[in-house]
Amino acid sequence: MQVGVGNSTNAPSQATTATSTTANTNGRSVGERLKERQKEFLANNVHNNSNNHSMPSCSNSVRTSRTTLPSENKQKRELPQLTDIQRNTLRVITQYLKEIGMHDTVETLADESGCRAENPLATRLREDIQVENWADALAIINQFQDKISKKDYLTLRAALVEEIMKNYIIKGDFLAVLICLQKEYPKEKEFGERRKYFAQLLADDPEEISKHFQEEHDNADYKTLMTMLEDLLPPNFLLGPSRLDDLLHQAWETQVRNCPLHIGKGKVVCEDINILRDHRCTSVNFPSKTIQVVQDHESEVWTLKFSPCGEYLASAGKSGIVYIWKVKSDHRIAYLNRFVLHEDIDGIGSLSWSSDSRYLACGATEHRTIGVYLFDISKCTPTSNSCEQNEYVRLPTEKFSVASFFPNSGHKLVCGDQKGNFAMFDMDLELSDKRNDFEGFRIRSLCCLKDGKTVLAADTLNRIRAYDFEKRIDHLLIQEASPIIAFTVDSTEKHCLITTKDHGIRMWCLDTHTLVQSFFGSIHSELVVGACFGGINDIFIASGSEKNNRIMIWKRTDKHPIKYLDGHKRGVNTVAWNPKYKNMLVSGSDDHTIRVWSTPSKAKENDEKVLPEVVSRPAKDEKNPNVEITKTRNGRTKNKKKVN
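- Taking an unreviewed UniProt entry as the reference, the protein chain is identified by name as LisH domain-containing protein belonging to Panagrolaimus superbus.

**Here we look at helix H10 (residues 206-218)**
Then, in step 1: Counted at 1.5 Å a residue, the expected span for H10 with its 13 residues is 18 Å, and the 18 Å between its end C-alpha atoms agrees.
Then, in step 2: Within H10 the residues assigned to the buried category are Ile209, Ser210 and Phe213. Burial along H10 is one-sided: seen end-on, the buried residues are contained in an arc of 95°. H10 presents Glu207, Glu208, Lys211 and Asp218 as exposed residues on the side facing more than 90 degrees away from its buried surface.
Then, in step 3: Buried residues along H10 sit against helix H7 (150-171), helix H8 (174-184) and helix H9 (192-201).

**Remarks on the sheet that holds strand S15 (residues 454-459)**
Then, in step 1: Reading across the sheet, the four strands line up as S14-S15-S16-S17 and stay open at both edges, with antiparallel pairing between neighbours. Only two strands of the sheet have a single partner each, and these edge strands are strand S14 (443-448) and strand S17 (473-479). Pairs of neighbouring strands in the sheet enclose a mean axial angle of 25°, with direction left out of account.
Then, in step 2: Of the pairings in the sheet, the one linking S14 to S15 comprises five bridges and is antiparallel in character.

**A short note on the side chain of Ser482**
Then, in step 1: In this fold, Ser482 is placed in the loop between S17 and strand S18 (484-489).
Then, in step 2: By relative accessible area, Ser482 is classed as buried at 1%.
Then, in step 3: At a separation of 3.3 Å, a polar atom in the side chain of Ser482 contacts the side chain of His503.
Then, in step 4: Dropping the residues within four chain positions of it, Ser482 is found in contact with Asn462, Thr500, Lys501, Asp502 and His503.

**Structural notes on the packing of H7 against H8**
Then, in step 1: At a closest axis distance of 8 Å, the pairing of H7 and H8 adopts a crossing angle of 165°. In this view, H7 runs roughly antiparallel relative to H8, as classed from their interaxial angle. Here H7 runs over H8; the crossing is right-handed. Contacts from Arg157, Val161, Ile164, Met165, Tyr168 and Ile169 in H7 reach Phe174, Ala176, Val177, Cys180, Leu181 and Glu184 in H8.

**Quick look at the pattern of salt bridges**
Pairing of side chains with opposite charge becomes possible as their charged atoms draw close.
Then, in step 1: One pass over the full model with this rule turns up 17 salt bridges.
Then, in step 2: Lys166 is the partner of Glu163 in a salt bridge, and the nearest nitrogen-oxygen pair spans 3.8 Å. Taken as a pair, Glu163 and Lys166 lie in helix H7 at a separation of three residues, close to a single helical turn. The same class applies to Glu163 and to Lys166, which are both buried.
Then, in step 3: Across the pair Asp376 and Arg358 runs a salt bridge, and its minimum N-O distance is 3.3 Å. One end of the pair, Asp376, is in strand S8 (residues 372-376); the other, Arg358, is in the loop between strand S6 (348-353) and strand S7 (359-364), and 18 residues separate them in sequence.
Then, in step 4: A relative accessible area of 34% places Arg358 in the partly exposed class.
Then, in step 5: Residues participating in the shared-partner salt-bridge network are Glu163, Lys166 and Glu216.

**Some thoughts on the sheet that holds S6**
Then, in step 1: On the basis of which strands lie adjacent, the open sheet formed by four strands has the order S6-S7-S8-S9 and antiparallel pairing. Each edge of the sheet is formed by a strand with only one pairing partner; in this case those strands are S6 and strand S9 (393-394).
Then, in step 2: As paired strands, S8 and S9 are joined by two bridges and run antiparallel to one another. Opposite Tyr373, over in S9, you have Arg394 as the bridge partner.

**Details of a negative patch on the surface**
Then, in step 1: Side chains of Asp204, Asp205, Glu207 and Glu208 sit close together on the surface and give a patch of like negative charge.
Then, in step 2: Assignment of secondary structure puts Glu208 in helix H10.

**Notes on helix H12 (residues 243-258)**
Then, in step 1: In a regular helix each residue adds 1.5 Å, so 16 residues correspond to 22 Å; H12 covers 23 Å between its end C-alpha atoms and thus fits that length.
Then, in step 2: Listed as buried for H12 are Trp252, Gln255 and Val256. All buried residues of H12 project into a common sector of 100° when viewed along the axis, lining one side. Every exposed residue of H12 that faces more than 90 degrees away from the buried side is listed here: Arg257 and Asn258.

**Here's the deal with the packing of aromatic side chains**
Then, in step 1: Evaluated as defined, the whole model comprises 14 aromatic pairs.
Then, in step 2: Between the aromatic rings of Trp134 and Tyr222, the centroid separation amounts to 5.1 Å while the plane-to-plane angle is 75°, which identifies the pairing as edge-to-face. One end of the pair, Trp134, is in helix H6 (residues 134-142); the other, Tyr222, is in the loop between H10 and helix H11 (223-232), with 88 residues separating them in the sequence.
Then, in step 3: The class for Trp134 is buried, based on a relative accessible area of 3%.

**Here's the deal with the pairing of strand S10 (residues 402-405)**
Then, in step 1: Burial along S10 is two-sided: the face carrying Val402 and Ser404 and the face carrying Ala403 and Phe405 are both buried.
Then, in step 2: Pairing analysis gives four bridges linking S10 to strand S11 (residues 412-416), with the strands arranged antiparallel. Looking across to S11, one finds that Val402 is bridged to Gly416.
Then, in step 3: Connecting the antiparallel pair S10 and S11 is a turn made up of six residues, with Gly410 showing a positive phi of about 60°.

What counts, and where the lines are drawn
Residues numbered from 1 in each chain as written. Predicted model: local features only at pLDDT ≥ 70, side-chain atom pairs only at ≥ 80, totals over all residues. Heavy atoms only, no water. Helix = DSSP H or I, 4+ residues; strand = E, 2+ residues; numbered from the N terminus. Expected span 1.5 Å × (residues − 1). Buried < 20%, exposed > 50% of the residue type's maximum accessible area, 1.4 Å probe, protein only. Arc of directions from axis to C-beta. Contact = heavy atoms within 4.5 Å. Pairing = 2+ DSSP bridges. Axes fitted to C-alpha atoms, helices over the stretch in contact; angles between N-to-C directions. Polar contact = N/O pair within 3.5 Å; in protein donor to acceptor, adjacent residues only side chain to side chain. Parallel < 35°, antiparallel > 145°, perpendicular 65-115°, else oblique. Left-handed = near helix turned anticlockwise from the far one by under 90°. Salt bridge = Lys/Arg side-chain N within 4 Å of Asp/Glu carboxyl O. Patch = residues over 30% accessible without salt bridge, like charges linked within 9 Å, V, L, I, M, F, W, Y side chains within 5 Å. Areas by Shrake-Rupley, 256 points an atom, 1.4 Å probe, with all protein chains shown as cover. Lys, Arg positive; Asp, Glu negative; His and termini not counted. Charge placed at Lys NZ, Arg CZ, Asp CG, Glu CD. Phe/Tyr/Trp six-rings, centres within 6.5 Å; stacked < 30°, edge-to-face > 60°.

The structure is reproduced here in structure tokens:
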């Protein structure tokens, strides 16, 4: 077999070359030769990449920069010409990198940009405060006497001198405290109270004072002092902590405010994905689907009200029967009990819960027999029917058609009507004892405020006035041009939402008494149709309409609806938004039904054919009293054994 044709001629040459190569590398190990070869390879790669201007890769492989390679001919780069915005942006980025521990990157960024997160003097100031070197800290503050306002400078100086005096008090050197008060502490009038405070300390028991300030010193972290320094010193000198985090959170909150359909289910929390792209909700995230239909009302539903805890829903209307529903989740309510009023009334027009969700006040409409009825919800159980008999309390007078509990004041409530009766009662006392009253005001709608004494009331003269039941004074807040049908106040008590007969829904600022926004789209004329606030921070407004059978939802900043909810077959009289579950609202209609609206569950998001659940009060089986008859989702009946 012929092997290696032509190799015999070249063999001596190859042997010579191999011998020569071995001789040149005898002094280095294999590992050293591999490292040298790797450096040459990397240098060539970097050189080729810079010449070809290739785009950076998004892979996770490690890339080596030219700046990391030693070079004898490397020239020092000139610092870039930066604007103030660019320079401040780099400062914020540098601070963030330093906070997460990337100190080498911070030094590199500072060398290339010439920008540091903080002035070296500011760093010294922080260190002096941490180690309680108050004299040096005061010397640094003195350098800003001409750079900040006199008031700010004196405020900072007074704060640091007080820390010096506290240290002297702890050491028992009260003579030094007196010298500080005479020579170092500001003598301006606005600091007179603090000067007097420290002067009086000199006359007290020295041991007791020293012990007090020693305990204060042991628990001190100086966060309040640092916050004061960050607020009063120039921002280009002292940068507040976590500035980039603050900016990102502010950007997130702005995105949420600008998102037309953001509803949320609780506290606003920034999501990781929104660092990479803008936040935007879809219709799937909005409570636009009917989850349940309540068919228990035998007549028109006029009013709905969630309890302050969000766990109960009260409904009433033309029949004079008040239903109580238990909120099981943000997708489901269940029948709890009902109160049957045997009085000769034409319906219930108003509902109000006490702050602890125990009592419910109902006002009869002003047609035949009027009155306010009070129910104790704590006595209601899913299996007790005693509430259906006559277990309610009526105020001891045939007056009043509207009532409202104070939000944070026990069980005090205020009642009024259009005949000039207007008084306050306390359920913890005798109801026959009126606490105070105003005579002659014809009241259509009421709202009590959190201070426990102020009541806003709409009267027949198209006004909303504020009444102080402690001082017995009142004053005008809002004057409308057309009759006020109903009104409500947001959770901050800064804005009032008014439904008018001729001008639709309007939002007023209660602080400035000015009109903020008018909302168009809903139809209002003779019937009582209420509107409500809802969502996170009450950023949404919902209302029914008389003629188009729709629920309309606005954002507070938009005058036109952002969402329409269809489903009712007749006019929608009332809408209520759950204060606990922000993605849940209910509506009552002249079609005798209540609809529960929420976001679709994840398992049913894409199933448009899923029918809403039909909810109704369990009926008794006459043949078997221990069996209740309930309706299923498709409207059919089924038997359910009653638990004793």
